[in-house]
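Below are the chains, spelled out letter by letter.
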Amino acid sequence: MARDRRPAKAPKAAKVRKAVLTRTVEEFEAAFWPDEQPVDNAVVMTMGALHQGHAALIREARRQVGKDGRVAVTVFVNPLQFGAGEDLDRYPRTLDADVALAEEMGADVVFAPTVDEVYPNGEPLVRLSAGPMGDGFEGASRPGHFDGVLTVVAKLLHITDPDFAVFGEKDAQQLAIIRRMVADLDFDVEIVGVPTVREEDGLALSSRNRFLSEEERTRALVLSRALFAGRDAGARGAKAVREAAAAVLDGADGISLDYLALIDPLSFTEAPDDYRGEAVLALAARVGSTRLIDNVGIIVR
């Protein structure tokens, strides 16, 4: 049984300090629990290249714990969730800017470990499995991806030991699977979802947007337009939602669609045509060489 590093809760504690960059578990523990004052803690897990979508997560984490709580931001590009031919080496690393943004948004500690710090014995032989929830959609396109996600999320939850863990709703399948892991395996943490942050023209913020040329970025706007069209058709049923979104994407120049799906958010399986209730309309597509994902929540009637 892992030791409980946090004392019992009390209403008041230390004030927020300047964000401290830590690279080892020992450094993190010393910075995140500097005294015996009991406070609420929150973590925002990222792979870096922080943007305003991440900023919204950090602000929500601060809101959850209050001004006297502590907020940690992890910055770790997890090799376990990248498949063969994916962009692990290409993934942007911008640690100095990440620390500055995290501090501005209210983080107390940034934990940016090396791969060897997270996996000191090499790639783990024992890993968590996302099971059937991880087989479809992103899991079908990226086999083993969610096993890698859950393995690192579980490790970081053990290291940071938070009361709240804050994730973006943009990665809808990831959020659903993490929530199910926490419920099924009795993790003592509350998972908080934050709505997708978009540019004024509707494009969902993503660290991969920086790889788009100006022309590709303009083309990518069809993705959010398709989702919004599907959302507007929710009152006409599940079939109408799919048809409305597909009509916008039909013939879109420079877009290679991976999937467009109306999804039951609890099981993360395709919703049938007679489905009613809350749903997620999700898609993935390549715009040039850049793969983008996006989704919107819908009430299907």
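Residues numbered from 1 in each chain as written. Predicted model: local features only at pLDDT ≥ 70, side-chain atom pairs only at ≥ 80, totals over all residues. Heavy atoms only, no water.

Asks: Could you clarify how one ought to interpret the pattern of salt bridges in this entry?
Replies: Pairing is possible between side chains of opposite charge, provided their charged atoms come close. Taken as a whole and judged by the stated rule, the model has 15 salt bridges. Across the salt bridge formed by Glu 215 and Arg 219, the nearest N and O atoms sit 2.7 Å from each other. One end of the pair, Glu 215, and the other, Arg 219, are both in helix H8 (residues 214–232), four residues apart, so they sit about a helical turn from each other. The partner of Arg 242 in a salt bridge is Asp 273, with the nearest N and O atoms 2.9 Å apart. Taken together, the positions of Arg 242 in helix H9 (residues 238–249) and Asp 273 in the loop between strand S8 (269–270) and strand S9 (277–287) put the pair 31 residues apart, joining distant regions of the chain. (Salt bridge = Lys/Arg side-chain N within 4 Å of Asp/Glu carboxyl O. Helix = DSSP H or I, 4+ residues; strand = E, 2+ residues; numbered from the N terminus.)

Asks: I keep staring at the sheet that holds S8 and nothing clicks. Help me out?
Replies: What links the strands of a sheet is backbone hydrogen bonding, and the strands pair in either a parallel or an antiparallel sense. As summarised here, the arrangement of the four strands in space is S8-S7-S9-S10, forming an open sheet in which the pairing is antiparallel. Every interior strand has two partners, whereas the edge strands, S8 and strand S10 (290–300), have only one. Relative to S8, strand S7 (residues 255–264) runs antiparallel, the two being bridged by two bridges. Residue pairing for S8: Ile 263 is matched across the bridge by Glu 270. The strands touched by H9 are S7, S8, S9 and S10; relative to S7, the strand with the most contacts, the crossing angle is about 165°. (Pairing = 2+ DSSP bridges. Contact = heavy atoms within 4.5 Å. Axes fitted to C-alpha atoms, helices over the stretch in contact; angles between N-to-C directions.)

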